[in-house]
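Observations on the three-dimensional arrangement
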Amino acid sequence: MNRNPRMFKFQPNPRARNRFQDEADLRSLRSFKTDFSNYLASDTNFLNVAEIMTSYAYGESNNANEKEIQCDLLTENGGIEIDPTRLSYRERIRWHLQQFCYKTSSHGIPMLGQAPNSLYRAVWVFLLLICAIQFINQAVAVIQKYQKMDKITDIQLKFDTAPFPAITLCNLNPYKDSLIRSHDSISKILGVFKSVMKKAGDSSTEVVETEYDMDGITIHARRKKRGAGEKGTFEPANSACECDEEDGSNECEERSTEKPSTDNNMCICAFDRQTNDAWPCHRREQWSNTTCQTCDDHYLCSKKAKKGTKRSEIKKEPCICESKGLFCIKHEHSAMVLNLWEYFGDTEEFAEISKEEREALGFGNMTDEVAIVTKAKENIIFAMSALSEEQRDFELVADPTFGNCFIFNHDREIFKSSVRAGPQYGLRVMLFVNASDYLPTSEAVGIRLTIHDKEDFPFPDTFGYSAPTGYISSFGMRMKKMSRLPAPYGDCVEDGATSNYIYKGYAYSTEGCYRTCFQELIIDRCGCSDPRFPSIGGVQPCQVFNKNHRECLEKHTHQIGEIHGSFKCRCQQPCNQTIYTTSYSEAIWPSQALNISLGHCEKEAEECNEEYKENAAMLEVFYEALNFEVLSESEAYGIVKMMADFGGHLGLWSGVSVMTCCEFVCLAIELFFMAITHHVNQQRIRRRENAANDF
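Taking an unreviewed UniProt entry as the reference, the protein is identified by name as Degenerin mec-10 belonging to Caenorhabditis tropicalis. Regarding the protein, the UniProt comment filed under Subcellular location (unreviewed entry) reads as follows: "Membrane". Turning to the protein, the UniProt record has this under Sequence similarities (unreviewed entry): "Belongs to the amiloride-sensitive sodium channel (TC 1.A.6) family."

Some details on the overall build of the protein
Of the regular secondary structure elements, the protein holds 17 helices and 29 strands. Within the protein, contacts between residues separated by at least 24 positions form 70% of all contacts whose residues are at least 6 apart in sequence.

Digging into the sheet that holds strand 14 (residues 300-302)
Spatially, 5 strands are ordered 12-15-16-14-13 in an open sheet, and the strand pairing comes out antiparallel. The sheet terminates laterally at strand 12 (287-292) and strand 13 (294-295), the two strands that pair on one side only. Bridge count between strand 13 and strand 14: 2 bridges; the pairing is antiparallel. By the bridge assignment, T294 is partnered in strand 14 with S302.

A short note on the side chain of E633
Locating E633 in the fold gives a position in strand 29 (residues 627-635). Within the local environment of E633, its side chain forms a polar contact with the backbone nitrogen of L485, the two atoms lying 3.0 Å apart. With sequence-adjacent residues up to four places away left out, E633 is seen in contact with K151, I152, T153, S483, R484 and L485.

Re the pattern of salt bridges
Going through the model one piece at a time under the given rule, you end up with 20 salt bridges. D491 is paired through a salt bridge with R570; the nearest N and O atoms lie 2.6 Å apart. Highlighted residues: D491 in the loop between strand 24 (471-483) and strand 25 (492-493) and R570 in the loop between helix 14 (547-561) and strand 26 (573-574), separated in sequence by 79 residues. With relative accessibility at 44%, the residue D491 sits in the partly exposed group. The exposure class assigned to R570 is exposed, which follows from its relative accessible area of 58%. Residues joined in a network through salt bridges with shared partners are K375, E378, D530, R532, R550 and E554.

Looking at the nonpolar core
Counting residues in hydrophobic clusters, the biggest one holds 68 residues, and the most contacted among them are I167, F363, I380, L449, I451, L619 and V621. Counting 10 residues, the second largest nonpolar core, distinct from the first, contains C241, C252, F271 and A278.

Thoughts on the UniProt feature "transmembrane region" (unreviewed entry) in the protein
Those residues carrying the UniProt feature "transmembrane region" (unreviewed entry) are residues 119-136 and 650-677 in this numbering. The span residues 119-136 is 100% helical and 0% strand by assignment, and the distance between its end C-alpha atoms comes to 26 Å. Secondary structure content for residues 650-677 is 86% helix and 0% strand, and the end C-alpha separation is 34 Å.

Thoughts on the pairing of strand 5 (residues 166-171)
Burial of strand 5 is extensive: 6 of the 6 residues sit out of reach of the surface. Of the two faces of strand 5, the one lined by A166, T168 and C170 and the one lined by I167, L169 and N171 are each fully buried. With 6 bridges joining them, strand 5 and strand 22 (residues 446-452) adopt antiparallel strand pairing. Bridge assignment links I167 to a residue of strand 22, and that residue is I451. Alignment of strand 5 against strand 19 (residues 403-408), held across 4 bridges, turns out to be antiparallel. Looking at strand 19, one finds that C170 is bridged to C405.

Some points on helix 15 (residues 605-615)
Quick reminder: α-helices carry 3.6 residues per turn. Residues three or four places apart thus point the same way. Of the positions making up helix 15, those classed as buried are A605, C608, N609, Y612 and N615. One side of helix 15 holds all its buried residues, which, seen down the axis, span an arc of 150 degrees. The exposed residues of helix 15 that point more than 90 degrees off its buried face are E606 and E614. Buried-residue contacts for helix 15 involve strand 21 (427-432) and strand 28 (616-623).

Overview of a negative patch on the surface
Taken together, the side chains of E604, E606, E607, E610 and E614 define an acidic patch exposed on the protein surface. Residue position: E604 is located in the loop between strand 27 (576-588) and helix 15.

Structural notes on the confidence of the model for the protein
Regions with low pLDDT should not have their predicted coordinates read in detail. Put simply, the protein has an average pLDDT of 78, and 78% of its residues get 70 or more. When pLDDT is averaged over each element of the protein, strand 22 comes out on top at 95 and strand 1 (residues 73-74) at the bottom at 46. Note that residues 1-21 has pLDDT below 50 and, in this model, 29 contacts with residues that lie over four places away or in other chains. In the model, residues 67-79 has pLDDT below 50 throughout and makes 20 contacts with residues more than four positions away in sequence or in other chains.

Re the pairing of strand 22
Residues in a regular strand point their side chains to alternate faces of the sheet. Of all 7 residues making up strand 22, 7 are buried, and the element is well covered by its neighbours. Two elements, strand 22 and strand 23 (residues 465-468), share 4 bridges in a ladder whose sense is antiparallel. Bridge pairing in strand 23 links I447 to A467.

Quick notes on the sheet that holds strand 5
With respect to topology, 5 strands assemble into an open sheet ordered 18-19-5-22-23, the strand pairing being antiparallel. Each edge of the sheet is formed by a strand with only one pairing partner; in this case those strands are strand 18 (397-399) and strand 23. Going across the sheet, the axis of each strand differs from the next one's by a mean of 30 degrees, ignoring polarity.

Notes on the state of the cysteines
Scanning the entire structure with this criterion turns up 12 disulfides. Across the disulfide, C528 is cross-linked to C542 (sulfur-sulfur distance 2.0 Å). Across the disulfide from C528 to C542, rotation about the S-S bond amounts to roughly 85 degrees, and the bridge is consequently right-handed. In this pair, C528 sits in the loop between helix 13 (510-526) and helix 14 while C542 sits in the loop between helix 13 and helix 14, placing the two residues 14 residues apart along the sequence. Comparing C528 with C542, the two get one shared label, buried.

Topic: helix 5 (residues 118-147)
Between its terminal C-alpha atoms helix 5 stretches 43 Å, which fits the 44 Å expected from 30 residues at 1.5 Å a residue. Those residues of helix 5 that sit buried are F135, A139 and V142. Looking at the packing, one finds that the buried side of helix 5 touches helix 16 (639-653). Measuring from the backbone nitrogen of L119 back to the side-chain oxygen at the start of helix 5 gives 3.3 Å, which picks out N117 as the cap.

Criteria and cut-off values
- Residues numbered from 1 in each chain as written.
- Predicted model: local features only at pLDDT ≥ 70, side-chain atom pairs only at ≥ 80, totals over all residues.
- Heavy atoms only, no water.
- UniProt positions renumbered as here; feature names shortened; annotations may be inferred.
- Helix = DSSP H or I, 4+ residues; strand = E, 2+ residues; numbered from the N terminus.
- Contact = heavy atoms within 4.5 Å.
- Pairing = 2+ DSSP bridges.
- Polar contact = N/O pair within 3.5 Å; in protein donor to acceptor, adjacent residues only side chain to side chain.
- Salt bridge = Lys/Arg side-chain N within 4 Å of Asp/Glu carboxyl O.
- Buried < 20%, exposed > 50% of the residue type's maximum accessible area, 1.4 Å probe, protein only.
- Core = buried A, V, L, I, M, F, W, Y, C linked by side-chain atoms within 4.5 Å.
- Arc of directions from axis to C-beta.
- Patch = residues over 30% accessible without salt bridge, like charges linked within 9 Å, V, L, I, M, F, W, Y side chains within 5 Å.
- Areas by Shrake-Rupley, 256 points an atom, 1.4 Å probe, with all protein chains shown as cover.
- Lys, Arg positive; Asp, Glu negative; His and termini not counted.
- Charge placed at Lys NZ, Arg CZ, Asp CG, Glu CD.
- pLDDT = per-residue confidence, 0-100.
- Axes fitted to C-alpha atoms, helices over the stretch in contact; angles between N-to-C directions.
- Disulfide = S-S within 2.5 Å.
- Expected span 1.5 Å × (residues − 1).

Right, here's the structure in full:
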C-alpha cells in the first residue's frame, strides 16, 4: 500500500543546540528542496528497497561529489552533521575557515565565528586590528634592536699562574762597525755621511769676533761661538794647510780633514775639541817650545805676566808659541801633538761614489744633524737588504733597524710560567753591547727590549723599550687577554692572519697589517719593495743608489701619512689578543761595592766595573702581580632574547603561542591540499568528458 509522498521541510528544534544554526547555515539548508520522506524509517518500503539493491552488482557511495542527488544524515535531536566532501570547492573552504575560527587557541578569533550579529563582529574585528597594529609596532622595535648587534664587554680579574711571554733583545747598534765597512755600499754611505755631518756642523756654528790680550797686545780673531757655560781649552794640533806667503801673512788655512802629503804643507794650529775649531795656524818651523809666566782657563798663555800681577801668581808653565810670541798655548813638551786628520777619522778610505749615487742617498742640503743621522740609518737598512742572509749572519729574528735580535722563550711547544711575582721569579740577564764597535750613526748605547706573545712578531722599533748601559733596568709587566666578537657583532680578524700577511709564521696584528698594506702600495706604485719590511711574492727591494726608487718610496711614504691622503689602509683588530703593559724603573749598576768579576772579565774588580758601566746592561723582566685581566665580548641582544620578546608581545596582544602558530600552519596546509585536490579532480573530469565526446 503506497502512501503519497509529502514534501519535507526543515524546521529546527528549539531544544537542540547546534553550532551550525546561524543565519548563514540556515540559508544554506533552506536551499535544499529535497524530499526526504521516502527515506524516513517509518515510511520505508523494504520490499522496494530490496528490489532496487538486487538490481545492481555493487553498491554506490552516496557521498560522491559527481552524483546529482546528495543526502544528509539527520540526527535524532533534529540537528544536522554536514559532510564537507559533498560541498562545492568554495563552500568547503568557507566551512574549513569557520571550523578553524571555532577551534583555534588564539584569542579574539573565535569571537568572530560566534558573533550573534554584524555589530558584535565589527567590534571584534576592530579590536583585533588594534592589537595587530600594536604587535607590528613592537615587533619592528624588537627587530631594530636585534639588528644593532650590540655587545657587552665583560671584565674579569683572574688569579692564576700566568704564562711567561717571549722577550726579544736587540742591540741599539744594529751592525758591527769593524765588519760592516768591508762592503762597498756601506763604505760609500758612511763616507757621504761624514762629509755631510761636517758640512752641517760648520754651517750651524756661529763665527764671532774674539779678542785675546797677550803681552799687552790685543789680537782680533774669528772663532766659533761657544754655548752658554762651555769652557773649552786649546791645544796644539798638526794639520794639513795652505799658506799664502804673497800677502806677507804668516797665517795658514787649515785642512783638518786632509792628510798632509809632505812636511811642507803641514802646520800647527790652536785646536779646540769642543768647537772643533783650529785657529790660528802657522807652519811647524814657526812654533817653538818655551815657558810662559801665566795661563788662563782656556790654556792661552803669555810669556810675560801683565803689569800688576802678583809674584805669587806667576808660575812657569810649559808652552808652545808662534815665532812672534804673540800667541802661546799651554803644552807639555814631552806630550804627543794631536793629528787632526786622525782625530776626524779621515784616515779611512771610503769607496768612490758617483754623483747620481750621492743624490740617491737623499741627504741633499740637510743641515739638521739629527735628520742626517736618521737618513744615514735608513740608507744602511737599504744597503743591508741587498745582502744575502749568509753575509748578515742573522739568528732567530732579524730586524732591519736593530739587526740581529734574540728571543727568549720563543719555543711555542714549551710552556714557561711564573709561580710568584717579583724580580727574583722572572728573567735576569746581563748583556754586553761592545760600545767601542758602534757605527757612527748609532746615537745611543744600550739594549732594545720588547715583550710580546709567542705568536706575535716583536716589532722592536715600534713597541720596544730602551735600556741604557751602566744601569739595572727593571721591567714590571701585567698581562691582559682580549676576546672580541667577529662579524656581525664586531669587526675583527679570525683564524690568526690574513692571506697576504707578510710576517709568515706569526699571528695577525694591526701593526703587521699596516706594514703589509704599505708594502703592497709601494710594490704597486714603485715596482720594488720597501727593504724595511718583508717583501711580497719575491719582489726585489728598492735599491739604495737607485734615485727613482728612493724618490718614489719617499713620495708615497709622505702621502700615506697625510690625513687627507687618497690611500687608506683598513686594518681590523685580531679577535684574540694578549697584551702586556709595562712599568719601568732603573738604578745605577754595578755598585762600587760589587767587587766581583762578572761575565768573562779577567781584570781587576774595579776595572771590570768601569767596563760594565760603559759596555754592559743588566735587565730584569718579571710579573708585578700574578693576577691578569680577561676582557671578553658577548652579544647584548641575541636571537634567544629576540624570540622571547616576540613571544611576550604575541601573548600580550593576541594570546598567540608556538602551538597557535602550528595551528595556522596546519590550516594553510589543509587549504593548499584542498586546492591541489580540486584542480586534480577538475582535470580528471575534463579528460573523461573529452574521452566520452571522442567515443
